[in-house]
Amino acid sequence: MTETAASAPQPAFDPAADRRRLQELISELAVVRGKVTLSSGKEADYYIDLRRITLQHEAAPLVGRVMRHLLAGADIDYVAAGGLTMGADPVGTAVMHAAAQQGQATDTFVVRKAQKSHGMGRQVEGPSVEGQKVVVLEDTSTTGGSALTAVDAVRAAGGLVQAVAVIVDRDTGAKEHIEATAGVPYLFAFSKNDLGLD
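**Q** What exactly am I supposed to notice about the pattern of salt bridges here?
**A** Two side chains that carry opposite charge are able to pair once their charged atoms sit near each other. Tallying each qualifying case throughout the model produces eleven salt bridges. A salt bridge links D45 to K35, with the nearest nitrogen and oxygen atoms 2.9 Å apart. Of this pair, D45 sits in strand 2 (residues 43-48) while K35 is found in strand 1 (residues 31-37), placing the two residues ten residues apart along the sequence. One connected set of salt bridges, linked through shared partners, spans R21, E24, E28 and E58.

**Q** Honestly, helix 3 (residues 59-73) in this entry has me stumped. Any pointers?
**A** For an α-helix the count is 3.6 residues per turn, leaving residues at separations of three or four pointing the same way. When the terminal C-alpha atoms of helix 3 are compared, their 21 Å separation across 15 residues agrees well with the 21 Å that a helix rising 1.5 Å per residue should span. Buried residues dominate helix 3, accounting for eleven of its 15 residues. Buried residues in helix 3 make contact with helix 1 (15-30), helix 2 (51-54), helix 4 (89-101), strand 6 (133-141), strand 7 (160-169) and strand 8 (186-191). Trailing helix 3 by a residue or two, D75 shows a phi angle of about 60°, which is positive.

**Q** When you look at the environment of G131 in this model, what are you seeing that I'm missing?
**A** Among the secondary structure elements, G131 is positioned in the loop between strand 5 (124-125) and strand 6. You can call G131 exposed: its relative accessible area is 51%. Separated by 27 residues in the primary sequence, G131 and G158 place their C-alpha atoms 5.7 Å from one another. Filtering out sequence-adjacent residues up to four positions away, G131 remains in contact with G158, G159 and L160.

**Q** Before we go on, may I ask you to explain the sheet that holds strand 7 in this structure?
**A** One key point about sheets: their strands pair by backbone hydrogen bonds, in either a parallel or an antiparallel sense. Strand order in the open sheet formed by six strands is 5-4-3-6-7-8, with mixed pairing between adjacent strands. Strands with a single pairing partner mark the edges of an open sheet, and in this sheet they are strand 5 and strand 8. Sheet analysis places strand 7 next to strand 8, joined by five bridges and oriented parallel. Within the sheet, the bridge partner assigned to V168 lies in strand 8 and is F190. On top of the sheet, helix 4 reaches strand 3 (80-84), strand 4 (107-111), strand 6 and strand 7; it is set at about 130° to strand 6, its chief contact.

**Q** Explain the nonpolar core here, please?
**A** The tendency in soluble globular proteins is for nonpolar side chains to be buried side by side. Residues L22, I26, I53, M67 and I167 are the most contacted members of the largest nonpolar core, which totals 33 residues. At the level of elements, helix 1, strand 2, helix 3, helix 4, strand 6, strand 7 and strand 8 are the ones that each hand at least two residues to this core. The greatest single-element share of this core, amounting to seven residues, is contributed by helix 3. Setting aside its immediate chain neighbours within four residues, I53 contacts L22, L25, I26, L29, A30, A59, A60 and V63.

**Q** Sorry if this is basic, but what is going on with the packing of helix 1 against helix 3 here?
**A** Angle between the axes and distance between the axes: these two values describe a pair of packed helices. One way to put it is that helix 1 packs onto helix 3 with a least axis distance of 9 Å and a crossing angle of 130°. Taken together, helix 1 and helix 3 sit at an angle that is classed as oblique. Crossing handedness for the pair helix 1 and helix 3: left-handed. Taking contact as the criterion, the partners of P15, D18, R19, R21, L22 and L25 in helix 1 are, on helix 3, A59, L62, V63, R65, V66 and H69.

**Q** How should the side chain of T140 be read in this particular structure?
**A** Within the secondary structure layout, T140 lies in strand 6. Take T140: its relative accessible area is 17%, and that puts it in the buried class. A polar contact of 2.7 Å, which involves the side chain of T140, links it to the backbone oxygen of V168.

Criteria and cut-off values
- Per chain, residues are indexed from 1 in the order of the written sequence.
- At least 70 in pLDDT is required for a residue's local features to be given in this predicted model, at least 80 for side-chain atom pairs to be given and counted, and no such filter applies to totals for whole chains, interfaces and linings, which use all residues.
- Each side-chain value is derived from all of the structure's non-hydrogen atoms; neither hydrogens nor water enter the calculation.
- Salt bridge criterion: a side-chain nitrogen from Lys or Arg within 4 Å of a carboxyl oxygen from Asp or Glu.
- Secondary structure elements follow DSSP: runs of H or I of four or more residues count as helices, runs of E of two or more count as strands, with numbering from the N terminus.
- One less than the residue count of a helix, multiplied by 1.5 Å, gives the span that helix is expected to have.
- Under the scheme applied here, a residue whose accessible area is under 20% of the maximum for its type counts as buried, over 50% as exposed, and between as partly exposed, the area being computed with a 1.4 Å probe on protein chains only.
- The criterion used for residue contact is that any of the two residues' heavy atoms lie within 4.5 Å.
- Pairing between strands requires that DSSP locate at least two bridges from one strand to the other.
- As a rule, the C-alpha atoms of each element are fitted with a line to give its axis, helices using only the stretch in contact, and angles between N-to-C directions run from 0 to 180 degrees.
- The nonpolar core is taken to be a set of buried Ala, Val, Leu, Ile, Met, Phe, Trp, Tyr and Cys residues, with the residues joined through side-chain atoms within 4.5 Å.
- Angles are sorted into four bins: roughly parallel if under 35 degrees, roughly antiparallel if over 145, roughly perpendicular if 65 to 115, and oblique for all others.
- If you view the pair so one helix is near and one far, a crossing is left-handed when the near helix is turned anticlockwise from the far one by less than a right angle, and right-handed when it is turned clockwise.
- Counting of polar contacts relies on pairs of N or O atoms within 3.5 Å, with two restrictions inside protein: one atom must be capable of donating a hydrogen and the other of accepting it, and residues adjacent in sequence are counted only when both atoms are side-chain atoms.

Shown next, in the form of structure tokens:
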């Protein structure tokens, strides 16, 4: 007789160890030094390429568990998590898989940059977010623009946005801008200071 997902023993994870290891991997793999121009048009002395983390075999599961722990610690209630393609896509998928590992159901969704002009004409893809409590995710944010685009699209689709959550906050005003504009909490797993960045 096979066990159901609900009755199967769930793996035990150590949130502090997960966080430490993810921080190490971000520092080792994702921080690129040198002059770069960000998507916002601003210049920086380093670039945080979090796709090197969210799409990496060891780090991706950690991303899901760390983001779930972050949201739980802030007492955020949600049934789906996702954001603007493509930075948010692997973050949402990681959260969904981490939830499943722990015997819980969390959907993910993908927000297109523009509404489709054909087919069903949806901008928010995946299970319907209408009437659902959701979290908007992003890997990192400089100005908050991508997250706010996702918030607007999710709200237009009837979703109830509970928070915006990112893996790394660059401390460039995204938190203040998102909280003032969207009226929801902005959470982040790591600050640039956590990563030793000026």
